[in-house]
Amino acid sequence: MKKLVWIFVGMLLMTACQETLEERCAREAKEYSKKNCPAPLTKDVTIDSMSFDIATHTLTYSYTVSGVIDDTAVINRNNPKEQLLRNLKNATSMKPYRDAGYNFQYIYYSTKQKGTRLYEATFRQSDYQ
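Residues numbered from 1 in each chain as written. Predicted model: local features only at pLDDT ≥ 70, side-chain atom pairs only at ≥ 80, totals over all residues. Heavy atoms only, no water.

**Overview of the overall build of the protein chain**
So, point 1. Of the regular secondary structure elements, the protein chain holds six helices and five strands.
So, point 2. Beginning at the N terminus, the succession of helices and strands in the protein chain can be written as α-α-β-β-β-α-α-α-β-β-α.
So, point 3. Counting over 129 residues, the protein chain shows a buried share of 33%.
So, point 4. Surface summary for the protein chain: the accessible area is close to 8700 Å², and the carbon and sulfur share equals 56%. (Helix = DSSP H or I, 4+ residues; strand = E, 2+ residues; numbered from the N terminus. Buried < 20%, exposed > 50% of the residue type's maximum accessible area, 1.4 Å probe, protein only. Areas by Shrake-Rupley, 256 points an atom, 1.4 Å probe, with all protein chains shown as cover.)

Structure (structure tokens):
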């Protein structure tokens, strides 16, 4: 009987230590940013940070652009919303977050004009399902 009690206590402790998907996403975003950011993705695009807002279920990617694409007109000419949405739909690593109905936000900042947002897109479940 005493052994059964200890097994039950152990099971309770193991389930109490489980993190929710929201907690996991927030932790992984913070760890990724701390470990990897800033990091060049392409010649003129650097990822600055990744964050997750538990209250709004929004995973946010912040980038800085430079060179030729550091211009709103150039960015918009390349139809970034369709490209970002296609990438989001095809990214297998994002499946658990898509399945949970999370929002995904992409923000691109200028290098020439520090703090200036050149482009922003947010995708909700209705966009990528």
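There is more to say after this.
**What to know about the pattern of salt bridges**
So, point 1. Applying the stated criterion to the full structure yields five salt bridges.
So, point 2. When the shortest N-O distance is used, the salt bridge between Arg27 and Glu31 registers 3.3 Å. Of this pair, Arg27 and Glu31 both sit in helix α2 (residues 21–36), four residues apart, which is roughly one turn of the helix.
So, point 3. When its relative accessible area of 43% is taken as the criterion, Glu31 is described as partly exposed.
So, point 4. Linking Asp99 and Lys95 is a salt bridge whose minimum nitrogen-to-oxygen distance equals 2.7 Å. In this pair, Asp99 and Lys95 both sit in helix α5 (residues 95–99), four residues apart, roughly one turn of the helix.
So, point 5. One salt-bridge network, held together by shared partners, links Glu19, Arg27 and Glu31. (Salt bridge = Lys/Arg side-chain N within 4 Å of Asp/Glu carboxyl O.)

**Digging into the nonpolar core**
So, point 1. Formed by 27 residues in total, the largest nonpolar core has its most connected members in Leu59, Tyr61, Leu88, Phe104, Tyr106, Tyr108 and Phe123.
So, point 2. For this core, the secondary structure elements donating two or more residues are α2, β2 (45–53), β3 (58–65), α4 (80–90), β4 (103–110) and β5 (117–123).
So, point 3. Residues in contact with Tyr108, not counting those within four places in the same chain, are Val45, Tyr63, Val65, Leu84, Thr116, Arg117, Leu118 and Tyr119. (Core = buried A, V, L, I, M, F, W, Y, C linked by side-chain atoms within 4.5 Å. Contact = heavy atoms within 4.5 Å.)

**Some points on the pairing of β2**
Sheet faces and side chains relate simply in a regular strand, where the side chains alternate between the two faces.
So, point 1. Here three bridges tie strand β1 (residues 39–42) to β2, and the two strands are oriented antiparallel to one another. Within β2, the position partnered with Thr42 by the bridge is Val45.
So, point 2. Taken together, the eight bridges between β2 and β3 define a ladder with antiparallel strand orientation. Among the inter-strand pairings, Met50 is bridged to a residue of β3, identified as Tyr61. (Pairing = 2+ DSSP bridges.)

By themselves, these observations are geometric and do not establish any function.
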